[in-house]
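Tertiary structure, described
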Amino acid sequence: MIFPWHKSAYSKLKKMIDQNHLPHALLITGVEKIGKFELTQKLIQTLLCEEQSCGQCEVCLTLKKDNPREVLEHSALIRRSHYPNLIFCRSELNDSGTISKDIRVDQVRAFCESLGKTADALQIGVIFYADQMNANAANSLLKTLEEPRRNTLIILLAHNANSLPATILSRCQSVHINPTYDQESASWLSQNIDKEVRADFDALQLLEGAHGVPFKAIKDLEGDYFFQYQSWQNLLLEIAINPTRVNETELFDGNELQVLSCLQQLLTEGIKLKVLKYDSANLELNKVIEKTSQRYLFKLLDDTSRAIALSKTTVNMKLLLDNVLIVWSHITHLKHYPTITHTQEF
Ligand SMILES: [Zn+2]
């Protein structure tokens, strides 16, 4: 199984393997929760499994047991995989018993030493996250990267390649996992969220709300998010019914993008009701939709979607949301639809 949004990065890796061009050091980058470790696991399976990652054989099943993300109660310089020639390096407990922010030099030394032991089989070492190595640790790794050994593969995972020293970057081949907004990833997402939740959300909109990171969308739905979403939705409807409420939106602070997605969902639902001449179970929504022209619903949906798209740039999210909310607060009694100009577009 390969996640839809990993396909292009994986095919790049697969090409390296097929053409026998796999480097000694690989760098896999992508934002938090995009699935760098999952892609790494897939790559390692492809390399070690005789069937190139069948998922069923002893090697594949052994590799699946690894969970280097788990926080141990004791400090470990490196962690061994269930598979003998694979090791992991990550930040561990400090002397004070808290998780260190850095990967330390003694860890990287142990990592390189362990990889340096000659073996006939391919030796693989994974560091996550390479952007957590302190300067000494990075220097120590650099020495190993400068003198690559036969039959050794070092895989560095990093959220942000720019925070790695140029000397390390220049010795790695990098593969990047992009955020995703396509239908295939949305279908994957909708299959992987709770059935009851699925009925309330549109997968593509969820994906947008999570900046194109499917695992993050799933995480967002856990815990308080669902209830938060309900309270944003209620406040949005109150604003449309009673425009003065637009001045009491502290609830939205810090959640601007999610609130925009919530409004987008409301507008989509409202248009559906209007077109199909249905009544919603949500009485407030009925009240708003009844008094609002279908054309204005479409226009505001456009403007809201545009604001969501702009959120991927460095805009002031609060301003973006305020612009949209002003129109929304008057949506039931608008004479003319105003032009919303998000200043950042100029
Ligand atoms: Zn296999």
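Note that the structure is predicted; figures quoted are calculated from it, not measured.

Turning to the coordination of the zinc ion, a few remarks are in order. The protein atoms donating to the zinc ion are C49 (SG), C54 (SG), C57 (SG) and C60 (SG), with metal-donor distances spanning 2.3 to 2.4 Å. Coordination at the zinc ion is tetrahedral, judged from the four donor atoms that bind it and the angles of 103 to 116° they form at the metal. For the zinc ion, the single-chain donor residues occur in sequence as C-x4-C-x2-C-x2-C. Since its relative accessible area comes to 29%, C54 is described here as partly exposed. What makes C60 buried here is its relative accessible area of 0%.

Bring the parts together and some accessible area is lost; that lost area is often taken as the interface size. One can read the domain layout of the chain as domain 1 (4–176) and domain 2 (223–345). Taking only C-alpha atoms into account, the centre of domain 1 sits 44 Å from that of domain 2.

Before going further, it helps to spend a moment on the packing of aromatic side chains. Throughout the structure, instances matching the rule amount to 12 aromatic pairs. Seen in terms of ring centroids, F3 and W5 are 5.1 Å apart; in terms of plane orientation they differ by 25°. Their pairing is stacked. Aromatic side chains W5 and W188 sit 4.9 Å apart centroid to centroid with 70° between the ring planes, which places their arrangement in the edge-to-face category. One end of the pair, W5, is in the segment before α1 (7–18); the other, W188, is in helix α7 (residues 183–191), and 183 residues separate them in sequence. Since its relative accessible area comes to 6%, W5 is described here as buried. Owing to a relative accessible area of 10%, W188 belongs among the buried residues under this scheme. Feature note: the residues F3, W5, W188 and F215 constitute an aromatic cluster, connected by ring pairs.

A word on the packing of α1 against helix α2 (residues 36–48). Remark: α1 packs on α2, axes separated minimally by 11 Å, with the N-to-C direction vectors making an angle of 25°. Looking at the two axes, α1 sits roughly parallel to α2. The handedness of the crossing between α1 and α2 comes out as right-handed. Each of A9, Y10, L13, K14 and I17 in α1 lies in contact with α2, whose residues at this interface are L39, K42, L43, T46 and L47.

What follows covers the nonpolar core. Where a protein is soluble and globular, its nonpolar side chains tend to be buried together. Counting residues in each nonpolar core, the largest one holds 82 residues, and the members touching the most others are V126, I155, L236, F252, L300 and W328. In terms of residue count, the dominant contributor to this core is helix α12 (residues 256–276) (nine residues). Two domains each donate at least three residues to this core, and these are domain 1 (4–176) and domain 2 (223–345). W328 has contacts with L236, L237, I239, A240, L263, L266, L267, V288 and L300, leaving out every residue within four places of it along the chain. Grouped together as the second largest cluster of nonpolar side chains are 25 residues, A25, L27, A110 and L156 included.

With that settled, the discussion passes to α1. Taking 1.5 Å of rise per residue, the 12 residues of α1 would be expected to cover 16 Å, and the 16 Å separating its terminal C-alpha atoms lies within 8% of that figure. If you follow the buried residues of α1, they end up packed against β1 (25–29), α2 and β6 (173–176). Trailing α1 by a residue or two, N20 shows a phi angle of about 60°, which is positive.

Where α12 contacts helix α15 (residues 317–329), the axes come no closer than 9 Å and their chain directions differ by 30°. In terms of axis orientation, α12 runs roughly parallel to α15. Considering how the two elements wind past one another, α12 and α15 form a crossing that is left-handed. Packed against α12, whose contacting residues are E256, L257, V259, L260, L263, L266 and L267, the element α15 presents M317, K318, L321, V324 and W328 at the interface.

Counted by the stated rule, this structure contains 12 salt bridges. Between E92 and R79 there is a salt bridge, with the nearest N and O atoms lying 2.8 Å from each other. With E92 in the loop between β3 (86–89) and α4 (105–116) and R79 in strand β2 (residues 79–80), the pair connects residues that are 13 residues apart, well separated along the chain. What makes E92 buried here is its relative accessible area of 1%. Since its relative accessible area comes to 8%, R79 is described here as buried.

Parameters at a glance
- Within any chain, residue numbers begin from 1 and follow the written order of that chain's sequence.
- Only residues with pLDDT of at least 70 get local features here, since the model is predicted, and only at 80 or more are side-chain atom pairs given and counted; chain-wide, interface and lining totals rely on the full set of residues.
- With hydrogens and water set aside, each side-chain value is computed from the structure's full complement of heavy atoms.
- For Na, K and Ca the donor cut-off is 3.2 Å, while for other metals it is 2.8 Å, and in both cases only N, O and S atoms qualify; water is not among them, so sites may look incomplete.
- In these descriptions, tetrahedral denotes four donors with every angle between 85 and 135 degrees, square planar four donors and octahedral six donors with opposite donors over 155 degrees apart and the rest between 65 and 115, and irregular any other case.
- For every residue, the accessible area obtained with a 1.4 Å probe (protein chains only) is divided by the maximum for its type, and the residue is called buried under 20%, exposed over 50%, and partly exposed between those limits.
- What fixes the domain bounds is an automatic or database domain assignment.
- Centre distance within 6.5 Å is the pairing criterion for rings of Phe, Tyr and Trp, where only the six-membered ring of Trp is used; planes under 30 degrees apart are then read as stacked, over 60 as edge-to-face, and the remainder as tilted.
- Numbering of helices and strands runs from the N terminus, with a helix taken as a DSSP run of H or I at least four residues long and a strand as a DSSP run of E at least two residues long.
- In this description, a line fitted to the C-alpha atoms serves as the axis of each element, helices being fitted only across the stretch in contact, and the angle between N-to-C directions of two axes falls anywhere from 0 to 180 degrees.
- Should an angle fall under 35 degrees it is taken as roughly parallel, and over 145 as roughly antiparallel, whereas 65 to 115 is taken as roughly perpendicular and any remaining angle as oblique.
- By definition, turning the near helix anticlockwise from the far helix through less than a right angle yields a left-handed crossing, and turning it clockwise yields a right-handed one.
- We call two residues contacting when some pair of their heavy atoms lies within 4.5 Å.
- Definition of nonpolar core: a set of buried residues of the types Ala, Val, Leu, Ile, Met, Phe, Trp, Tyr and Cys, connected through side-chain atoms within 4.5 Å.
- Given the number of residues in a helix, its expected span is that number minus one, multiplied by 1.5 Å.
- A pairing counts as a salt bridge when a side-chain nitrogen of Lys or Arg comes within 4 Å of a carboxyl oxygen of Asp or Glu.

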